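A structural walkthrough
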Amino acid sequence: MIKFNNVTKVFNNTLKAVDDLSFTVNKGEIVGFIGPNGSGKTTTIKMLTGILSSDSGEISINGHDIKREPLEAKKSIGYIADSPDMFLRLKGIEFLNFIGDIYKVPSDVRKKRFTEVCDRFGLTDSLNAPMLSYSHGMRQKIMVAAALVHNPDVWILDEPLIGLDPKSAFELKAMMREHADAGNCVFFSTHILEVAEKLCDKVIIIKKGKSLYDGTLDNLCSQNTGKSLEQIFLELTENE
Ligand SMILES: Nc1ncnc2c1ncn2[C@@H]1O[C@H](COP(=O)(O)OP(=O)(O)OP(=O)(O)O)[C@@H](O)[C@H]1O
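Residues numbered from 1 in each chain as written. Predicted model: local features only at pLDDT ≥ 70, side-chain atom pairs only at ≥ 80, totals over all residues. Heavy atoms only, no water.

On to the overall build of the protein. The helix and strand tally for the protein stands at 9 helices and 10 strands. The globule rule puts the C-alpha radius of gyration for 240 residues at 18 Å, and the 18 Å found for the protein is close to it. Along the three orthogonal principal directions, the C-alpha set of the protein runs to about 50 × 40 × 35 Å. Averaging the coordinates of the 29 positive side-chain charges in the protein and doing the same for the 32 negative ones gives two points 4 Å apart. (Helix = DSSP H or I, 4+ residues; strand = E, 2+ residues; numbered from the N terminus. Rg over C-alpha atoms; globule rule 2.2 N^0.38 Å. Lys, Arg positive; Asp, Glu negative; His and termini not counted. Charge placed at Lys NZ, Arg CZ, Asp CG, Glu CD.)

See below:
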């Protein structure tokens, strides 16, 4: 479970990237985080994962405060960053084992986990090649496999579908649904409104770091009868 309470982040003493934002992601939920460019999505995700420190407010993951108990909180998190370009000199298999070592996952357990994900993504044959030779989509897929090596409860994904081919995007969306249905939570940012519409139990729409809407899509659509999510999103974010 994610609790994000009254969190604010100011850059350079002037820019409020996240402004008194609060939301909750419950077990069993997929929550889509949507908002225009520069609205504060990545900043929020970096605070959730402990990469950035908030200026005020409280953030907890499965009951562990990200500042006071960072290791406990981070053990529950599987995080996919918005750029998969890291550790590129390692081979795919070396990278997965490196992450498995960090989380102290026994080798037979980690192998079973990443083999399943890599098979679903059609990545198994590339694991012995350096990641420098991977396409953007292949790098994205190896990041997903690595993020799941320690079987985290809470998935936090920053624009995870960018660069994935249709089959891989289909598999990742199915994995997100399976993970939530197993009683875990998935929080992801996206600009693809159709994905949010089809996949999410709840959406949070932000602009200038403030929440404009937090709730189910059914509720949002019933407040705006006859309009597509795209129309509703544009009206909400342009009227602010
Ligand atoms: N390290 C930083 N220093 C200064 N300003 C920053 C920093 N990181 C982000 N910002 C600013 O904070 C605001 C929110 O940025 P953020 O990356 O969180 O937006 P976003 O919603 O993820 O955008 P996008 O959809 O384009 O990825 C922007 O105005 C951005 O310029």
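On we go.
All right, on to the UniProt feature "domain: ABC transporter" (unreviewed entry) in the protein then. According to UniProt, the positions carrying the feature "domain: ABC transporter" (unreviewed entry) are residues 2-233. Secondary structure content for residues 2-233 is 38% helix and 26% strand, while the C-alpha to C-alpha distance between its ends is 24 Å. (UniProt positions renumbered as here; feature names shortened; annotations may be inferred.)

Ranked by size, the top nonpolar core spans 48 residues in total, and within it I30, L96, I142, M176 and F188 carry the most contacts. Examining the composition of this core, we find that 6 residues originate from one element, helix α5 (residues 136-147), more than from any other. Both of domain 1 (2-76 + 154-239) and domain 2 (84-152) provide at least three residues apiece to this core. Those residues in contact with L96 that sit more than four places away from it in its chain are F114, C118, L127, I142, A145, A146 and V149. Of all hydrophobic cores here, the second largest spans 23 residues; its members include V31, F33, L48 and I61. (Core = buried A, V, L, I, M, F, W, Y, C linked by side-chain atoms within 4.5 Å. Buried < 20%, exposed > 50% of the residue type's maximum accessible area, 1.4 Å probe, protein only. Domains from an automatic or database assignment. Contact = heavy atoms within 4.5 Å.)

Two modes of strand pairing occur in sheets, parallel and antiparallel, and in both the strands are linked by backbone hydrogen bonds. Here we have 6 strands laid out as an open sheet, ordered β6-β7-β8-β3-β9-β10, and mixed in their pairing. Of all the strands in the sheet, just β6 (77-80) and β10 (210-215) have a single pairing partner and so form its edges. For this sheet the average axis-to-axis angle between neighbouring strands, irrespective of direction, equals 15 degrees. Bridge count between strand β3 (residues 30-34) and strand β9 (residues 202-207): 4 bridges; the pairing is parallel. By the bridge assignment, G32 is partnered in β9 with V203. (Pairing = 2+ DSSP bridges. Axes fitted to C-alpha atoms, helices over the stretch in contact; angles between N-to-C directions.)

For the rest of this paragraph, the subject is the sheet that holds strand β5 (residues 64-65). Reading across from one edge, β2-β1-β4-β5 is the order of the 4 strands in this open sheet, with antiparallel pairing throughout. Where the open sheet ends on each side, the last strands, each with one partner, are β2 (15-25) and β5. With 5 bridges connecting them, strand β1 (residues 2-11) and strand β4 (residues 56-61) associate as antiparallel partners. Bridge pairing in β4 links F4 to I59.

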